[in-house]
Amino acid sequence: MNHIAPVPVLTIDGPSGSGKGTVSRRVAEHLGWRLLDSGALYRAVGYAAGAAGLDLTDAEAVTRCAQSTKIRFQASADGGDTRILVNGHDATDELRTETAGAAASAIASIAAVRQALVDLQLGFRKSPGLVADGRDMGTVIFPDAPFKVFLTASAAERAKRRYKQLKEKGLNVTLASLQREIEARDHRDASRAVAPLKPAPEAVLVDSTGMRIDQVVARVLAVVQPQ
Ligand code: C5P
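The shown structure was predicted, so the numbers you read here are calculated from the model rather than taken from an experiment. (Residues numbered from 1 in each chain as written. Predicted model: local features only at pLDDT ≥ 70, side-chain atom pairs only at ≥ 80, totals over all residues. Heavy atoms only, no water.)

Novice: I would appreciate a short explanation of unusual backbone geometry in the present structure.
Specialist: Most peptide bonds adopt trans geometry, and most residues besides glycine take a negative phi value. Note the cis peptide between Ser127 and Pro128, where omega equals 5°. Non-glycine residue Asn87 carries a positive phi angle of around 50°. Positioned with a positive phi, Ala195 is a non-glycine residue whose angle comes to about 45°. With respect to the helices and strands, the residue Ala195 is situated in the loop between α10 (175–191) and β8 (204–207). (Helix = DSSP H or I, 4+ residues; strand = E, 2+ residues; numbered from the N terminus.)

Novice: What is the right way to look at the domain arrangement of the protein chain in this model?
Specialist: Note on interface size: it is often stated as the accessible area lost on association of the parts. When the domains of the protein chain are assigned, the result is domain 1 (7–33 + 128–222) and domain 2 (39–125). Relative placement of domain 1 and domain 2: their C-alpha centres are 18 Å apart. Both sides of the domain 1 and domain 2 interface together cover about 1,700 Å² of buried area, and 51% of this is carbon and sulfur. Together, Ile141, Arg185 and Val194 form the three largest contributors to the area buried by domain 1 at its contact with domain 2, with a combined 27%. At the junction of domain 1 with domain 2, the criterion picks out 4 salt bridges. When the shortest N-O distance is used, the salt bridge between Glu98 and Arg162 registers 2.9 Å. When residues in the side of domain 1 that touches domain 2 are grouped by element, the largest group, 5 residues, is from α10. Grouping the constituent residues of the side of domain 1 that touches domain 2 by class yields 10 nonpolar, no polar and 10 charged. (Domains from an automatic or database assignment. Buried area = accessible area lost by both parts, 1.4 Å probe. Salt bridge = Lys/Arg side-chain N within 4 Å of Asp/Glu carboxyl O. Nonpolar A, V, L, I, M, F, W, Y, C, P; charged D, E, K, R; others polar.)

And the structure:
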């Protein structure tokens, strides 16, 4: 029989601030694979729903919004960060804020919203491979992925990292409020009924507390390319 090998996927799931975003991007660059930032999709829907003045707890309205929102990732003209277009508007900067993260987390607990984003995510699986960053990449979206990582770090360390990132972007936040928000979001993501944040049974657990980013990248690459 003539089997076509499925396109390989490396799933990197974990809580916010675990370093998933940076690690996923660097690992994808190193492997020459595509990158799916699934959190950006939830942020985009939360943003679109907010911009339309919807009540984020109105499951039907937010689901219709998720089904109709056009989300596009576009390489930036100056070689910088990938731009994210939401219904044609470059919302990259707005999507990075804590407000957008909280809105994403709220609408992400609606099962029909998650369903509306499934095909879009599956479409990222193209040759030569995909690095998929999120909460349910290894458990729900790509359960057959040959490589799975669950990346964590302590809440205190994650709050510190996020604080540094946001400060560098000139945003005005306090460390204590960030840690509280991170813990609240973790709790909501891990305790929701649909696609809760949890490691796939076969995922390799990587705790990045106290590790430098290049050490984490090397550790994750070793899952795909064992020495
Ligand atoms: O990863 P990021 O912080 O951008 O994700 C924002 C929110 O989107 C998360 O807090 C989570 O609620 C939701 N999310 C999700 N499933 C994913 C990715 C993100 O529920 N695969």
